[in-house]
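As a plain string of letters, each chain reads:
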Amino acid sequence: QPRMAQLQELGVGGILDYAAEAKDGELPEIENVEKEAEEETTGAPRSARMYDYQGERVCDANAEIFKDAVRNVREATPDGFAAIKLSGLGDPRLLERMSTCLVEMARLFEKLADPDSSSQGGPQKPNNLINREVKLDYETFKKGWTRFFAVEREEELREAFLQIDSSEDDLIMYHEWSTSLKLSEINTLVRTCRHQGPLYKAALDAKEVQLYHNMIARVKGILSLAQELKVRVMIDAEWCDIQPAIDHIVLFQQREFNVNVDHPLVFNTYQTYLKGMNTKVLRDIERSEREGWKFGAKVVRGAYMVSEREKAEKRGVESPICENYEETQENFHNAIDMILGRPDTEILVATHNRESVERTLQKMAELDVEPGRVGFGQLLGMADHLTFTLGQHGYRAYKYVPYGPIDEVVPYLIRRTQENSSILGSPGVQEERQMIGREVRRRVLGF
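Draft legend 1. Quick look at the pairing of strand S4 (residues 81-84). Judged by which residues are buried, S4 turns out to be covered on both faces: Phe81 and Ala83 on one side and Ala82 and Ile84 on the other are all buried. Note that strand S1 (residues 12-18) and S4 share three bridges and pair parallel. Bridging across to S4, leucine 16 finds its partner in alanine 82. Where S4 meets strand S5 (residues 232-235), four bridges bridge the pair, whose relative direction is parallel. Across the sheet, alanine 82 pairs through a bridge with valine 233, a residue of S5.

Draft legend 2. Inspection of the pairing of strand S6 (residues 266-271) at higher detail. Most of S6 sits inside the fold, with six of its six residues counted as buried. Going residue by residue along S6, you find Val266, Asn268 and Tyr270 tucked away on one face and Phe267, Thr269 and Gln271 tucked away on the opposite face as well. Two strands pair when backbone bridges link them, and S5 and S6 are joined in this way by two bridges, in the parallel orientation. Paired with methionine 234 across the strands is phenylalanine 267, a residue of S6. Taken together, S5, helix H11 (residues 243-257) and S6 constitute a β-α-β crossover, and its handedness is right-handed. Here S6 pairs with strand S7 (residues 295-300) via four bridges, running parallel. Following the sheet pairing, threonine 269 is matched in S7 by lysine 298.

Draft legend 3. The arrangement of the side chain of threonine 328 in detail. Here threonine 328 lies in helix H14 (residues 325-340). Given the relative accessible area of 4%, threonine 328 is considered buried. Setting aside residues no more than four positions away along its own chain, threonine 328 makes contact with Thr272, Tyr273, Arg301 and Cys322.

Draft legend 4. Structural detail: the packing of helix H4 (residues 92-112) against helix H5 (residues 138-148). Put simply, H4 and H5 touch, their axes get as near as 9 Å, and they point 120° apart. As far as their axial angle goes, H5 and H4 are oblique. The residues of H5 that touch H4, namely those facing Leu108, Lys111 and Leu112, are Thr140, Phe141, Gly144, Trp145 and Phe148. Taken together, the residues of the contact of H4 with H5 break down into five nonpolar, two polar and one charged.

Draft legend 5. Seen up close, the pattern of salt bridges. The full count for this structure, using the stated rule, is 33 salt bridges. Taking the shortest distance from any N to any O, the salt bridge between glutamate 64 and lysine 67 comes out at 3.5 Å. One end of the pair, glutamate 64, and the other, lysine 67, are both in helix H3 (residues 53-76), three residues apart, so they sit about a helical turn from each other. Using a relative accessible area of 40% as the deciding quantity, one classes glutamate 64 as partly exposed. Residues glutamate 104 and arginine 107 are paired through a salt bridge, measuring 3.5 Å at the closest nitrogen-oxygen approach. Highlighted residues: glutamate 104 and arginine 107, both in helix H4, separated by three residues, approximately one helical turn. Each member of the pair, glutamate 104 together with arginine 107, is buried.

So, how was this worked out
- Residues numbered from 1 in each chain as written.
- Predicted model: local features only at pLDDT ≥ 70, side-chain atom pairs only at ≥ 80, totals over all residues.
- Heavy atoms only, no water.
- Buried < 20%, exposed > 50% of the residue type's maximum accessible area, 1.4 Å probe, protein only.
- Helix = DSSP H or I, 4+ residues; strand = E, 2+ residues; numbered from the N terminus.
- Pairing = 2+ DSSP bridges.
- Right-handed = clockwise from strand over helix to strand, strands pointing away.
- Contact = heavy atoms within 4.5 Å.
- Axes fitted to C-alpha atoms, helices over the stretch in contact; angles between N-to-C directions.
- Parallel < 35°, antiparallel > 145°, perpendicular 65-115°, else oblique.
- Nonpolar A, V, L, I, M, F, W, Y, C, P; charged D, E, K, R; others polar.
- Salt bridge = Lys/Arg side-chain N within 4 Å of Asp/Glu carboxyl O.

What follows is the structure, given as structure tokens:
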């Protein structure tokens with residue numbers, strides 16, 4: 001609280017981040033269980049899993065810690081945020097399998113639109129580059145569906161089409177597809193698969209569905225407290241193998257907690273070093289407008305660049321990461337412009353780059369954007385010249401404050417340094433180094 005009080009005196013709020021997270025590459029081993037009845041596991045060996053319930057107890061404890069973070073924000077920095085990581089609230093292996101399932105359902109939607117294609121394999125595109133803009137009429141849907149699934153009666157297929165087509169315009173759009181098909185129902189769907197591919201193997205069994213519900217209960221408990229205390233919650237982005245599941249969970253929470261409010265309570269995080277991210281930002285904004293909830297976003301460049309490229313190379317697939325810093329920068333700025341240009345949205349611009357901050361301020365002036373809709377965030381101890389200047393000029397400025405046990409915080413900060421090592425030569429960091437050098441000379445030499 002003393003640190004928060006000091007920041008508040010300078011017009012700066014806090015983003016409290018408990019430094020507990022699963023580490024990519026250090027995930028717990030999950031043992032296979034004995035083969036069970038087909039109705040329990042879909043018969044796919046990879047979905048017969050035994051999860052570590054000691055880990056479940058740890059997740060319960062993490063949920064209580066995140067609730068304490070919400071309370072601390074309320075007491076110490078009421079206009080601030082509590083940051084939470086979903087990998088601390090559920091088994092990361094479950095998040096990986098959920099993500100595989102969600103991505104494969106998106107791939108299926110794209111394949112249904114091209115039922116005459118002879119290819120069932122080929123190089124896989126990154127998740128955000130899957131074509132979700134296609135529309136399915138009934139004949140295309142039927143032809144594609146019967147290619148991948150066994151169908152006993154066409155009447156059932158027609159009924160399924162009508163259930164998905166919530167707009168009743170005889171076309172299925174991706175937002176209808178993704179909303180209507182629940183993770184808990186994929187297990188039943190894949191029993192009719194003609195080929196036992198990635199979707200079949202990723203379908204969650206009954207035990208995994210229960211663990212998923214346990215995780216959702218933890219998330220809802222935190223957000224219900226945040227709603228009661230009027231504290232905004234920021235869901236951090238993580239690595240690509242689990243991010244689709246995180247996005248899925250956050251979307252459903254935004255639908256519940258960002259309605260009938262003046263300002264969004266739940267903020268998702270968008271990593272603009274990912275290819276296709278601007279399309280996702282636009283899709284989520286349009287979804288919020290269509291469904292009637294407030295869109296809240298933290299926009300960052302990203303923190304897993306090196307590891308994501310290495311994983312893609314090892315797997316022999318296209319890297320999900322932009323080819324260079326300039327492409328990431330363009331994505332970053334375009335995402336900000338897109339959000340600023342839509343009413344009823346809020347954004348936290350998380351950057352240490354002075355050019356990006358100044359550009360955002362200029363865009364706000366051009367579009368006559370109310371300053372209350374836009375926040376700026378920097379890590380505690382970095383880019384102070386940006387944070388404090390913004391705060392002193394009446395803008396919403398925040399410091400990202402990691403806290404927790406020393407044996408958790410220090411490794412967390414080391415990882416952040418390693419993940420961001422690739423940008424240490426960026427213009428923003430070079431500028432800060434020069435400023436520090438000038439100040440050292442001034443203090444030592446007196447000029």
